[in-house]
Amino acid sequence: MCEIPNEDEYWERRREELENPRAFRRPGAWDEPVYKTGSLFLDDEIEKIEKERGYPMEELYEGDLLEIVEEQEGIAADSAEWNSNYGCIDYRYRVA
């Protein structure tokens, strides 16, 4: 029978890897991105924005809402939608 040097160390490390795979995994292209969400409340600016854009907030496209979030918050959001219940833009952005 062939003996493997440090066989006990090998199996101990394998056990640890299986118990906690994230600790032993290198970050790479397969990692899923982490996203956060936020809300941009436009209490006093709504009328001004609607006048500039020519449409009520409910009718603005997502691209327009993304531009507004970037102008106001300085965040390049991935998605945005108008929440008429709270009078805000709900957006989602990727965390680096």
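In what follows, the structure referred to is the one given above.
Residues numbered from 1 in each chain as written. Predicted model: local features only at pLDDT ≥ 70, side-chain atom pairs only at ≥ 80, totals over all residues. Heavy atoms only, no water.

Colleague: Just checking my understanding: could you explain the side chain of Asn83 for this structure?
Modeller: Within the secondary structure layout, Asn83 lies in strand E2 (residues 79-83). For Asn83, a relative accessible area of 15% gives the class buried. In terms of polar contacts, Asn83 uses its side chain to reach the backbone amide nitrogen of Asn85, at 3.1 Å. (Helix = DSSP H or I, 4+ residues; strand = E, 2+ residues; numbered from the N terminus. Buried < 20%, exposed > 50% of the residue type's maximum accessible area, 1.4 Å probe, protein only. Polar contact = N/O pair within 3.5 Å; in protein donor to acceptor, adjacent residues only side chain to side chain.)

Colleague: It is not clear to me how helix H4 (residues 62-73) should be interpreted in this structure. Could you clarify?
Modeller: Given 3.6 residues to a turn, an α-helix orients residues that are three or four positions apart in the same direction. Spanning 12 residues, H4 covers 16 Å between terminal C-alpha atoms, matching the ideal 16 Å at 1.5 Å per step. Of the positions making up H4, those classed as buried are Leu65, Leu66, Ile68 and Val69. Along the long axis of H4, the arc covered by the buried residues comes to 160 degrees, so they all point the same way. Contact partners of the buried residues in H4: strand E1 (34-41), helix H3 (46-53), E2 and strand E3 (88-95). (Expected span 1.5 Å × (residues − 1). Arc of directions from axis to C-beta. Contact = heavy atoms within 4.5 Å.)

Colleague: Would you explain the nonpolar core in this entry?
Modeller: Side chains that are nonpolar tend, in soluble globular proteins, to be buried together. Within the largest apolar cluster, 16 residues are counted, with the highest numbers of intra-cluster contacts made by Leu42, Met57, Leu65, Ile68 and Ile89. Elements with a contribution of two residues or more to this core: H3, H4, E2 and E3. Here this core gets 4 residues from one element, more than from any other, and that element is H4. Setting aside anything within four residues of it in sequence, one finds Ile68 in contact with Leu40, Leu42, Ile49, Arg53, Met57, Leu60 and Ile89. (Core = buried A, V, L, I, M, F, W, Y, C linked by side-chain atoms within 4.5 Å.)

Colleague: Help me understand the sheet that holds E3 in this model?
Modeller: Hydrogen bonding along the main chain pairs the strands of a sheet, whether they run parallel or antiparallel. With antiparallel pairing, 3 strands are arranged side by side in an open sheet as E1-E3-E2. Sheet topology places E1 and E2 at the edges, where each strand pairs with a single neighbour. Neighbour-to-neighbour, the strand axes of this sheet turn through a mean angle of 20 degrees, independent of strand direction. Taken together, the 8 bridges between E1 and E3 define a ladder with antiparallel strand orientation. Within E3, the residue paired with Val34 across the bridge is Val95. Set on the sheet, H4 makes contact with E1, E2 and E3; between it and E2 the angle comes to about 95 degrees. (Pairing = 2+ DSSP bridges. Axes fitted to C-alpha atoms, helices over the stretch in contact; angles between N-to-C directions.)

Colleague: What is the right way to look at the packing of aromatic side chains in this model?
Modeller: By convention here, two paired aromatic rings are described through the distance between centres and the angle between planes. Under the criterion given, the structure shown has 2 aromatic pairs. With a centroid separation of 4.9 Å and 80 degrees between ring planes, the pair formed by Tyr10 and Trp11 is classed as edge-to-face. Between Tyr91 and Tyr93 the ring centres are 6.0 Å apart and the planes differ by 35 degrees, which places this aromatic pair in the tilted class. For Tyr91, a relative accessible area of 7% corresponds to the buried category. When the ring centre of Tyr35 is taken as origin, the NZ or CZ atom of Arg92, which lies over that ring, is 3.9 Å away. (Phe/Tyr/Trp six-rings, centres within 6.5 Å; stacked < 30°, edge-to-face > 60°. Lys NZ or Arg CZ within 6 Å of the ring centre and 35° of its normal.)

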